[in-house]
Amino acid sequence: MSQKNHATVAVTGVTGALGSRIAARLADRGVPQLLVGRRPDRMPELPGAQRRGPAAYADASAMRKALEGASTLVLVSAHRTVRRLEEHASAVEAAIAVGVDRVLYVSLVGAAPTATYLNARDQWLTEQFLAGAGIRHTVLRAGFYTSTPAALADEEFVVGGPAPTGRAAFVTHEDIADVITAVALDEGPRSEHDGVTLEITGPEALTLDEAVTRIAAATGRPYRYEPETLEEAFTRRWRRGMSGEQIETWISWYQAIEKGEISTVTDVVPRITGSPATPVSDAAWWPAPNTARGTAELGRGRS
C-alpha cells in the first residue's frame, strides 16, 4: 500500500512545549517539515524534518529563506512584546512572499480587542491582520493550558491568585497539538477549515481550586490553591522579584478566569480528532513548580 505524499509544513516554536508536540505528530505521519526558529541547535531531530534558521519573526529576510519550499505554515505565537503584532505580520508576509499557501495561526481562547488577559489582545490583532492578508488561514484558539497552574505554583506547591470563583476549560498541550495536526493534514486547494476560528478547550470548566485539587491527586504532590486579592497578588510577586510586565500579565490571566472569559467548553477536540478532550486528571505531563514564564525570578527576591 503506497504512502500518501504530503506537502511540506513549516512549524515554528518547535523548541517549546506546543510546537515540539505538533512537529512530532507530523513526523509520525510522514509529513516533510521545515522546523523554523531562532535556535536551530535546540530543535528536535525528526525524520523528514529540516532545521531552518536562525530566523526570528521580525527578520523578514531570514524568515523568507527559512520558509522557502513550505506549503503550510503553523505559526505558534511569539512571547508577548510591545511589537508582537509586527513580528507576526512580518512572518506572515514572508510566508506569502515565498509562496506558502496557508497559515495555521495558534491564538488564544478569549482573543478580543478588550480581553482581560493581555496576551489575548495581541492575538486578536494578529487574527485581524490575517483576515486581511489575502492568504488561506485557520485560527486555532488554544484554551488555557492544563499544566499552567502547576507551573505557577511556588516551592511549597501553592497556586495563589485573584480568581476564587471563576472557571476555565483547561486543555492539554496534547489535545491542542492533535487538533492542529489534523487541520494541517487536511490538505488540498480548499479545506473546510479555511477562514474558520476553532476554539480548543478541555471537557469541562473548573475553578482553580477544583483544577489544582485534581492536579494534586494526579501528581501525588501537595498542590493547593489560595485566593488572593489584587493587592496581595501584586505585592507578593513584586517583593519576590517578578518584573512589572510579568506581574501585569499574570494577574490579568487570573482576572480572565475570574470573569469567566475562558470558561466556554467546545466540541472542537472530539469533532476534529475523533477522541474526547482530556480531563485534567488524565493529563500526560506536568511541569515543575516555578517554571511558568517569569516565575523563575520569584525565588531570588529583591534586595
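Our structure's up above, just so we're on the same page.
No experiment lies behind these values; they were computed from the predicted model shown. (Residues numbered from 1 in each chain as written. Predicted model: local features only at pLDDT ≥ 70, side-chain atom pairs only at ≥ 80, totals over all residues. Heavy atoms only, no water.)

A. The arrangement of the overall build of the chain in detail. Counting secondary structure elements, the chain contains ten helices and eleven strands. At 19 Å, the chain has a C-alpha radius of gyration in line with the 19 Å of a compact globule built from 303 residues. Reported as C-alpha extents along the three principal axes, the dimensions of the chain are approximately 55 × 40 × 35 Å. Across the 303 residues that make up the chain, the buried fraction comes to 52%. Intrachain contacts of the chain at a sequence separation of at least 6 include 75% that bridge at least 24 residues. Accessible area of the chain: about 13400 Å², with a carbon and sulfur share of 48%. Within the chain, the 36 negative side-chain charges are centred at a point lying 4 Å from the centre of the 32 positive side-chain charges. (Helix = DSSP H or I, 4+ residues; strand = E, 2+ residues; numbered from the N terminus. Rg over C-alpha atoms; globule rule 2.2 N^0.38 Å. Buried < 20%, exposed > 50% of the residue type's maximum accessible area, 1.4 Å probe, protein only. Contact = heavy atoms within 4.5 Å. Areas by Shrake-Rupley, 256 points an atom, 1.4 Å probe, with all protein chains shown as cover. Lys, Arg positive; Asp, Glu negative; His and termini not counted. Charge placed at Lys NZ, Arg CZ, Asp CG, Glu CD.)

B. Region of interest: the pairing of strand β7 (residues 158-161). Residue alternation in β7 divides its side chains into two sets, V158 and G160 and V159 and G161, and both sets are buried. Direction of pairing for β7 relative to strand β11 (residues 224-227): parallel, over a ladder of four bridges. Its bridge partner lying in β11, V158 is registered against R224. (Pairing = 2+ DSSP bridges.)

C. Structural detail: the sheet that holds strand β6 (residues 136-142). The sheet built from seven strands is open, its strands ordered β3-β2-β1-β4-β5-β6-β9 with parallel pairing. Both edges of this open sheet fall to β3 (49-52) and β9 (197-200), since each of them pairs with a single strand only. Pairwise comparison of adjacent strand axes, ignoring direction, gives a mean angle of 20° for this sheet. In terms of strand pairing, strand β2 (residues 33-36) meets β3 through four bridges, oriented parallel. Looking across to β3, one finds that L35 is bridged to R51. Contacting β5 (102-108) and β6, helix α4 (residues 118-131) runs over the sheet at an angle of about 160° to β5. Sheet strands in contact with helix α6 (residues 173-185) are β4 (72-76), β5, β6 and β9, and its direction is about 160° off that of β5. (Axes fitted to C-alpha atoms, helices over the stretch in contact; angles between N-to-C directions.)

D. The packing of aromatic side chains, seen in detail. For the coordinates displayed, the defined rule picks out six aromatic pairs. A ring pair is formed by W250 and W253, whose centres lie 5.8 Å apart and whose planes are at 75°; its orientation type is edge-to-face. With W250 and W253 both in helix α9 (residues 244-258) and three residues apart, this pair spans about one turn of that helix. Ring centres 4.9 Å apart and planes at 90° place the aromatic pair W253 and Y254 in the edge-to-face group. Here the two residues W253 and Y254 agree in accessibility, since each one is buried. Residue placement shows R21 over the ring face of W285; its charged tip is 5.0 Å from the ring centre. (Phe/Tyr/Trp six-rings, centres within 6.5 Å; stacked < 30°, edge-to-face > 60°. Lys NZ or Arg CZ within 6 Å of the ring centre and 35° of its normal.)

E. Here's a closer look at α9. Taking 1.5 Å as the rise per residue, α9 with 15 residues should run 21 Å; its terminal C-alpha atoms sit 21 Å apart, in good agreement. Inspection of α9 places Q246, I247, T249, W250, I251, S252, W253, Y254, A256 and I257 among the buried residues, and these make up the whole buried set. In this structure, the buried residues of α9 make contact with α4, α5 (148-152), β7, β8 (167-168), α7 (208-219) and α8 (230-239). A positive backbone phi angle near 75° is found at G260, which sits one or two residues after α9. (Expected span 1.5 Å × (residues − 1).)

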